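Chains, contacts and geometry: an overview
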Amino acid sequence: MSSTTDPNPTNVPLGHAYDGIREYDNPLPGWWKWLFVITVVVSPFYLLYFHVGATGRSLQEQYQVAMDENQRKKYADLPPLTADAATLMKFKDDAKWTEVGKAIFKTNCVSCHGAEGAGVIGPNLCDENYKHIKTISDITKVINEGVAGGAMPAWSTRIPNKNDIIMLSAYVASLRGSNPAKPKGPDGSPIAPWSADE
Ligand code: HEC
């Protein structure tokens, strides 16, 4: 642009120039400034509402709540499952369902087996060694009946829903091979990989 054409001839230069560039006093449009003012005024409320206030207000949280609700419905609609190896193999690899088992584990098992199943009073459930388990459906048996004279309690009456026991067993099976932070040393002996046929 040549120095003789002023893009806005009504504007007056402020009378100072640098490197041949003259500064004009060109105010931002009024609508732009108001937009800015509105974002500044709204932002603290936004922050308080979505990030400081009660949980469950952000889109992600609402989405998660809806997904959880949907999952609960699907769980309630499940027919009574059979505690066989094929069923356990199927559910242990499905993160949506192992979440169900994990919730039951959190309520009942962490005191003796640790939050990640790494073992406290009870043995480590994340390694390759087991004392009472040879096949995947032995997990269900141990949980239902207990072992070691009640040191590992029987859960069949405490967790009466059979599908809960299956989800719990599948979750325990899924712990194998995970790397918890502070694993308890191995108990029992190594066993063959989980398998659907036994
Ligand atoms: C009061 C403590 C306690 C609680 C609670 C407990 N366990 Fe155990 N569990 C044990 C002990 C102790 C053993 C090992 C028994 C032994 O040494 O023979 C064990 C063993 C096991 C085993 C067999 C491990 C192996 O190596 O063979 C499984 C599987 C298991 N528990 C799952 C669970 C689940 C699932 C829950 C929650 C429903 C649970 N336990 C709750 C104490 C507990």
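What this report covers is the structure whose coordinates are included nearby. A quick note: this is a predicted structure, and the numbers were derived from the prediction, not measured.

Criteria and cut-off values
- Sequence order as written defines the numbering, with residues in each chain counted from 1.
- Residue-level local features of this predicted model are given only where pLDDT is at least 70; pairs of side-chain atoms are given and counted only at 80 or more, and the full residue set underlies all totals for whole chains, interfaces and linings.
- Processing note: side-chain calculations cover all non-hydrogen atoms of the structure and skip hydrogens and water entirely.
- In this description, a donor is an N, O or S atom within 2.8 Å of the metal centre, a cutoff extended to 3.2 Å for sodium, potassium and calcium. Water is not part of the atom list, which can make sites seem incomplete.
- Square planar and octahedral assignments, for four and six donors respectively, both demand that opposite donors be over 155 degrees apart and that all other angles lie between 65 and 115; tetrahedral needs four donors with all angles between 85 and 135 degrees, and anything else is irregular.
- Strands are runs of DSSP state E lasting at least two residues, helices are runs of H or I lasting at least four, and both sets are numbered from the N terminus onward.
- Think of it in three bands: residues with accessible area under 20% of the maximum for their type are buried, residues over 50% are exposed, and the middle band is partly exposed, with areas taken using a 1.4 Å probe on protein chains only.
- Any residue with a non-hydrogen atom lying within 4 Å of a molecule or strand is treated as near it.
- Any pair of nitrogen or oxygen atoms within 3.5 Å is treated as a polar contact; in protein, a donor-acceptor pairing is required on top of that, and neighbouring residues in sequence qualify only through side-chain atoms on both sides.
- Gly counts as polar in this scheme, as do all residues outside two lists: the nonpolar Ala, Val, Leu, Ile, Met, Phe, Trp, Tyr, Cys and Pro, and the charged Asp, Glu, Lys and Arg.
- Here, a salt bridge means any Lys or Arg side-chain nitrogen found within 4 Å of an Asp or Glu carboxyl oxygen.
- Any pair of residues with heavy atoms lying within 4.5 Å of one another is described as a contacting pair.

**Re the coordination of the iron atom of the ligand**
Protein-derived ligands of the iron atom of the ligand are His113 (NE2) and Met152 (SD), with the metal-ligand distances lying across 2.0 to 2.1 Å. Around the iron atom of the ligand sit six donor atoms, and with donor-metal-donor angles ranging over 86 to 180° the site reads as octahedral. Taken together, the residues span a long stretch of sequence, with histidine 113 in helix α5 (residues 110-113) and methionine 152 in the loop between α6 (136-145) and α7 (162-175) at a distance of 39 residues. The residues histidine 113 and methionine 152 share a single accessibility class, namely buried.

**Thoughts on the site of the ligand**
Taken together, 21 residues lie near the ligand, and Cys109, Cys112, His113, Lys131 and Met152 sit nearest. A distance of 2.5 Å separates an oxygen atom of the ligand from a polar atom in the side chain of lysine 131. Take histidine 132: an N or O atom from its side chain is 2.5 Å from an oxygen atom of the ligand. Those elements that provide at least two residues to the shell around the ligand are α5, α6 and α7. Sort the elements by how many residues they give to the shell around the ligand and α5 lands first, with three residues. Among the residues forming the shell around the ligand, the class breakdown is 15 nonpolar, five polar and one charged.

**Structural notes on the pattern of salt bridges**
Under the criterion given, the structure shown has five salt bridges. Across the salt bridge formed by arginine 176 and glutamate 128, the nearest N and O atoms sit 2.7 Å from each other. Separated by 48 residues along the polypeptide, arginine 176 in the loop between α7 and β4 (189-190) and glutamate 128 in the loop between α5 and β3 (129-130) bring together distant segments of the chain. Residue arginine 176 is classed as buried on the basis of its relative accessible area of 12%. The exposure class assigned to glutamate 128 is partly exposed, which follows from its relative accessible area of 39%. Where glutamate 145 meets lysine 141, a salt bridge forms, and the shortest distance between an N and an O atom there is 3.6 Å. Highlighted residues: glutamate 145 and lysine 141, both in helix α6, separated by four residues, approximately one helical turn. We classify glutamate 145 as exposed; its relative accessible area is 52%.

**Considerations on the environment of glutamate 116**
Within the element layout of this structure, glutamate 116 appears in the loop between α5 and β3. When its relative accessible area of 45% is taken as the criterion, glutamate 116 is described as partly exposed. Note: C-alpha distance between glutamate 116 and leucine 175 (59 residues apart in sequence) is 8.0 Å. Ignoring any residue separated from it by four or fewer positions in sequence, one finds glutamate 116 in contact with Cys126, Leu175, Pro180 and Ala181.

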